Amino acid sequence: MNRTHHPPDFFRTRGRRPRTAAGLALAAVATTGTLGLLSACGGPPHSSSPPSSSPHSSSMPTMNMPNMNMPASRPGTGRPVSGTAVAIKNFAFAPATLKVPVGTTVTWTNEDTDAHTVTSTGPGGPLHSAALGTHAAYSHTFTKPGTYAYLCTIHPFMTATVEVTR
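Residues numbered from 1 in each chain as written. Predicted model: local features only at pLDDT ≥ 70, side-chain atom pairs only at ≥ 80, totals over all residues. Heavy atoms only, no water.

> Break down the pairing of strand β7 (residues 137–141) for me, with residues and values.
Residues Tyr-138 and His-140 point to one face of β7 and are all buried, whereas Ala-137, Ser-139 and Thr-141, pointing to the other face, are not buried. Across five bridges, the pairing between strand β5 (residues 105–110) and β7 is antiparallel. Paired with Thr-109 across the bridge in β7 is Ala-137. (Buried < 20%, exposed > 50% of the residue type's maximum accessible area, 1.4 Å probe, protein only. Helix = DSSP H or I, 4+ residues; strand = E, 2+ residues; numbered from the N terminus. Pairing = 2+ DSSP bridges.)

Structure below.
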């Protein structure tokens, strides 16, 4: 006997749905599941104390993301620091503004677990590192005075400057 399995009528489609609709539906389901997991896992431990009645309190759960600290200050807001080393840690360049004399070689060292770059923000700038893995370093010798702004191309919110003086 030759049996052919046919799915029930409710599984049959009357026409072809575009792949984009199916893909969007799948993406929505995946995103919803991911957000549910993040909200369940990322919040602080539950306590038996009642929620705050402050008008500024929120009932939204918080997420603890230990390696995603934002820089405390933006470049140009702090005083320039002298030296020859820049640490890349906590998703920031430290110091955010470095002041060096012409002829100084500055070395950036990645202390994060994520890769980062050191790239000039303007066209034709001198800084162009490859992606730096953990503990990798990049050096550049500044031969002309000026202010050199740079960023991480992987994380563009990471910005800083080197001020080169005579």
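The structure having been displayed, the exposition proceeds.
> Describe the sheet that holds β7, and please don't skip the residues or the numbers.
The four strands lie next to each other as β3-β2-β5-β7, forming an open sheet whose pairing is mixed. Edge positions in the sheet fall to β3 (92–94) and β7, since each has one partner strand and no second. Across the sheet, the mean angle separating the axes of adjacent strands is 20° when strand polarity is ignored. Both strand β2 (residues 85–89) and β5 contribute to a ladder of four bridges, which runs parallel. Its bridge partner lying in β5, Ala-85 is registered against Thr-107. (Axes fitted to C-alpha atoms, helices over the stretch in contact; angles between N-to-C directions.)

> So what's going on with the environment of Val-81? Which residues, and what values?
Turning to its location among the elements, Val-81 is positioned in strand β1 (residues 81–82). Residue Val-81 is classed as partly exposed on the basis of its relative accessible area of 39%. Here the alpha-carbon distance between Val-81 and Val-100, two residues 19 residues apart in the chain, equals 8.5 Å. Non-local contacts of Val-81, meaning those with residues more than four positions away in its chain, are made with Pro-95, Thr-97, Leu-98 and Lys-99. (Contact = heavy atoms within 4.5 Å.)

> Before we move on, could you go through the environment of Met-158 and cite the residues and values that matter?
With respect to the helices and strands, the residue Met-158 is situated in the loop between β8 (146–151) and β9 (159–165). Taking relative accessible area as the criterion, Met-158 reaches 0% and is therefore assigned buried. If near-sequence neighbours (up to four positions away) are discounted, Met-158 is found in contact with Ile-88, Phe-91, Ala-92, Phe-93, His-116, Tyr-150, Leu-151 and Cys-152.

> So what about the packing of aromatic side chains? Which residues, and what values?
Taken as a whole and assessed by the stated rule, the structure comprises six aromatic pairs. Both rings, one in Trp-108 and one in Tyr-150, keep their centres 5.5 Å apart while their planes meet at 85°; by these two values the pair is edge-to-face. Here Trp-108, found in strand β5, pairs with Tyr-150, found in strand β8; they are 42 residues apart in sequence, far enough to count as distant. The class for Trp-108 is buried, based on a relative accessible area of 0%. (Phe/Tyr/Trp six-rings, centres within 6.5 Å; stacked < 30°, edge-to-face > 60°.)

> A description of the side chain of Ser-120 should follow, citing residues and the corresponding values.
The topology assignment puts Ser-120 in strand β6 (residues 119–120). Within polar-contact distance, the side chain of Ser-120 engages the backbone nitrogen of Leu-127 at 2.9 Å. When near neighbours in sequence (up to four residues on either side) are disregarded, Ser-120 contacts Gly-125, Pro-126, Leu-127, Ala-149 and Tyr-150. (Polar contact = N/O pair within 3.5 Å; in protein donor to acceptor, adjacent residues only side chain to side chain.)

> Outline the confidence of the model for the protein, supporting the account with residue identities and numerical values.
Of all residues in the protein, 53% have pLDDT values of 70 or greater, and the mean over the chain is 73. In this model, residues 20–77 is a region of pLDDT below 50 whose contacts with residues beyond four sequence positions or in other chains number 23 contacts. (pLDDT = per-residue confidence, 0-100.)

> Tell me what's going on with the nonpolar core, and back it up with residues and numbers.
Ranked by size, the top nonpolar core spans 20 residues in total, and within it Phe-93, Trp-108, Val-118, Phe-142, Tyr-150 and Val-162 carry the most contacts. Sort the elements by how many residues they give to this core and β9 lands first, with three residues. Val-118 has contacts with Ile-88, Phe-93, Trp-108, Leu-127, His-128, Ser-129, Leu-132, Tyr-138, Tyr-150 and Leu-151, leaving out every residue within four places of it along the chain. (Core = buried A, V, L, I, M, F, W, Y, C linked by side-chain atoms within 4.5 Å.)

> Mind laying out the sheet that holds β1, listing which residues take part and the relevant values?
What the five strands build is an open sheet, ordered β1-β4-β9-β8-β6; its pairing is mixed. Each of the sheet's edge strands pairs with one partner strand only, and the pair in question is β1 and β6. With six bridges joining them, β8 and β9 adopt antiparallel strand pairing. Residue pairing for β9: Ala-149 is matched across the bridge by Thr-161.

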